[in-house]
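Coordinate analysis (summary)
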Amino acid sequence: MADKRSYDELKKMDRRRNFYSWSIQGTLDPLMVSHARGMYVYDVEGREYLDFSSQLVNVNIGHSHPVVVQAIADQAAQLATVAPAFSSIPRVDAATMVVERAGEGFEKVFFTNGGADANENAIRAARLFTGRTKVLSTYRSYHGNTGSAIVATGDWRRQPNEYATGHVHFYGPFAYRSEFFSTSEEQECERALAHLERVMQGEGPDTIAAVLLESVPGTAGIMVPPPGYLAGVRALCDRYGIMLILDEVMCGFGRTGSWMAFHAHDVTPDLITFAKGVNSGYVPVGGVIFSSELASYFDDHMFPGGLTYSGHPLAMASIVAALGVMESEKMLPNATMIGEEHLRGGLAQLASSHPVVGDVRGVGCFFALDLVVDPATKEPLGAPAMGAIKKELMARNLLPFVVDNRIHVVPPLIVTPDQVAQALAIYDEALTAAGF
Ligand SMILES: Cc1ncc(COP(=O)(O)O)c(C=O)c1O
C-alpha cells in the first residue's frame, strides 16, 4: 500500500466521514478496495478476491480493461467535460452504437447519469406522449432510487413533472413462487397476463401511460419470464394504447448473452432504459432509447428534462470502447457458453448435494440460487444463515452477490470455465462450512 497511513487509521477515517447506501451506518465494516483487474479485486492489504458479483452486476467486461481505461484517459486529455447542449465526436459514436444494439425500430438515445434517472426520463416521455399519468410495474422489481428531486424543484421545470403519484403495482410471473397457484410455466404465463389485464381494467386503461418492466427482473431474484409473457404484455399495451418500457439496466448489454435481454423474447418495447453494462460502470452513465415513433413525437414537442452530465465525454468515450471490446473479444458468446455449458449444470449439481438450494434459475452470466429452510415449504432462508454463508464465501476469497435469501451468480462476461469450476467448489465448501 503506497499510502503511509495504516489500514486501521484509514478504516476509522472512512467510518467517521463516509455515509453509505441502504445501511444502518453503525453496523458497517466495508472492504477497502485498492485495485481490480479482469476477474479479480484486491483489498488494500493485498488480498485477492474472485469477483462473482460484477460489483452491482455492472462490470460486464471485467475490471480495468486496458483499452477502455486508455480511451477514458485519452478523452480526458482531449475534452474532459462539456455542457449537455453540445455535441462531441464520442457522443455521436456512442449514440450510434447504443441504438444499433437495441435493434430494429429504435431511433435515438437520451443519455443520463445512471439507471434511476433513465427510468425517470422514460416515464416522463411516456406520460408526455400518451397524456396519461399512471405507471404499472411489478412488486418484484427494482428501478432506482430517485423520484422527488424534480418535484422539490421550485422553478418552471417542476410543473410539467409533478408526478409523484400514479404508481400501481402488480405481480409478474414467477413459477417457483407462484402468486397464481400455477403448476406449469404456461399456466403461470397465462394467469399472470390475465391478472395484468384485470389490473389495467381496474385502474382504467385510459389513465395508464406505461407498463415498466425489467426484461429479466434482476435484484428481485433473476426471474426469466416464461415464453410468451413479454409478448403478451406488449399485446395488452397495444390493445389499450399503453407504452411498454423495458428496463435493461441490469440485464442489458450482454449479461444474458444478447445485447438486450428482450432480444430472446418476441417483443419490441417503446422505450428501453439502460446503464451498468453499457460501459461496465467505468464512468457513471445510463440512458433511454426511443422508438422511432416516440423519437419523431419529440421532433416537434418539448421534452422538459435534462441533466448537466447528459452526454458526458468521458462516459461517451467509455461506451464506445466498452462496446468495441465486448464485440472484438466475443464476450456475448462467452456469456452464453458459460451459462449453458457451465453454470446451469454446475449449479444444478450444487443444488442436488445441498437441499438448502431450492431453485436454480437464470441465463448467460445471470443466475440465482434461491435458498430455503425446507424445499417442500420453500420458506426463504433467514438473514443470519445468509450472513454466515456470505462470510464463508468471503473467507474463501470469492466476492458474492447476496440478496435476501439468494446468492446471485453474476460474474463478468469474461469468466472462464476454470474460474466457474473454482467458484462452484467455493459455493460447495461454503455451504457445507455454514452447516448446509
Ligand atoms: C433493473 C434496474 N433498474 C434501475 C436501477 C438503478 O440504477 P442506478 O443505481 O444506476 O440508478 C438498477 C440498479 O441496480 C437496476 O438493477
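Fair warning: this is a prediction, and the values are worked out from it, not measured in the lab.

**Here we look at unusual backbone geometry**
- Although it is not a glycine, I222 adopts a positive phi angle of roughly 50°.
- Within the secondary structure, I222 is located in the loop between β7 (208–214) and α8 (229–240).
- In the Ramachandran plot, K276 falls in the positive-phi region, its phi being about 25° despite a non-glycine side chain.
- Tracing the chain through its elements places K276 in the loop between β9 (271–274) and β10 (286–291).

**Some words on the side chain of Q419**
- Tracing the backbone shows Q419 in helix α13 (residues 417–433).
- When its relative accessible area of 12% is taken as the criterion, Q419 is described as buried.
- The contacts of Q419, once residues within four sequence positions are left out, are M39, Y40, L50, F52 and I414.

**A short note on the packing of helix α3 (residues 66–78) against helix α10 (residues 313–328)**
- α10 packs onto α3 with a crossing angle of 150° between their chain directions and a minimal axis gap of 8 Å. For the element pair α3 / α10, the angle class is roughly antiparallel. Between α3 and α10 the crossing geometry is right-handed. Between α3 and α10, the contacting residues are V67, V68, A71, I72, Q75 and A76 on the first element and P313, L314, A317, S318, A321, A322 and V325 on the second.
- A breakdown of the residues in the contact of α3 with α10 according to their chemical character gives 11 nonpolar, two polar and no charged.

**Details of the packing of aromatic side chains**
- For the structure shown, the criterion picks out 14 aromatic pairs.
- Centre to centre, the rings of F174 and Y176 are 6.5 Å apart; their planes meet at 55°, and the pair counts as tilted. As far as burial versus exposure is concerned, F174 and Y176 are alike and both buried.
- One aromatic cluster is present, formed by F110, F129, F290, Y297, F298 and F303 through successive ring pairs.
- Between R101 and the ring centre of W259, over which it is positioned, the NZ or CZ distance is 4.9 Å.

**Here we look at the sheet that holds β7**
- Read across the sheet, seven strands follow the order β4-β10-β9-β8-β7-β5-β6 without closing on themselves; strand pairing throughout is mixed. Edge positions in the open sheet fall to β4 (106–112) and β6 (167–170), since each of these has one partner strand only. Taking the axes of each pair of neighbouring strands and ignoring which way they run, one obtains an average angle of 20° across the sheet.
- Running over the sheet, helix α5 (residues 115–130) touches β4, β5 (134–138), β6, β7, β8 (243–247), β9 and β10 and is turned about 165° from β9.

**Some points on the sheet that holds strand β14 (residues 401–403)**
- In space, the four strands of this open sheet follow the order β11-β12-β15-β14, with antiparallel pairing throughout. Of all strands in the sheet, those bounded by a partner on one side alone are β11 (357–363) and β14. Averaged over all pairs of adjacent strands, the angle between strand axes in this sheet comes to 20°, irrespective of strand direction.
- Two strands pair when backbone bridges link them, and strand β12 (residues 366–371) and strand β15 (residues 406–409) are joined in this way by four bridges, in the antiparallel orientation. Across the sheet, residue D370 finds its bridge partner in β15, namely R406.
- Running at roughly 35° to β15, helix α12 (residues 383–395) makes contact with β12, β14 and β15 of the sheet.

**Regarding the domain arrangement of the chain**
- What the domain assignment reports for the chain is domain 1 (7–61 + 330–433) and domain 2 (67–328).
- The gap between the C-alpha centroids of domain 1 and domain 2 is 26 Å.
- Between domain 1 and domain 2, the residue contacts involve 35 residues of the former and 34 residues of the latter.
- Both faces combined, the contact of domain 1 with domain 2 buries some 2,700 Å², and carbon together with sulfur accounts for 59% of it.
- Interface area lost by domain 1 to domain 2 is led by I61, L332 and F366, which between them contribute 27%.

What counts, and at which threshold
Residues numbered from 1 in each chain as written. Predicted model: local features only at pLDDT ≥ 70, side-chain atom pairs only at ≥ 80, totals over all residues. Heavy atoms only, no water. Helix = DSSP H or I, 4+ residues; strand = E, 2+ residues; numbered from the N terminus. Buried < 20%, exposed > 50% of the residue type's maximum accessible area, 1.4 Å probe, protein only. Contact = heavy atoms within 4.5 Å. Axes fitted to C-alpha atoms, helices over the stretch in contact; angles between N-to-C directions. Parallel < 35°, antiparallel > 145°, perpendicular 65-115°, else oblique. Left-handed = near helix turned anticlockwise from the far one by under 90°. Nonpolar A, V, L, I, M, F, W, Y, C, P; charged D, E, K, R; others polar. Phe/Tyr/Trp six-rings, centres within 6.5 Å; stacked < 30°, edge-to-face > 60°. Lys NZ or Arg CZ within 6 Å of the ring centre and 35° of its normal. Pairing = 2+ DSSP bridges. Domains from an automatic or database assignment. Buried area = accessible area lost by both parts, 1.4 Å probe.

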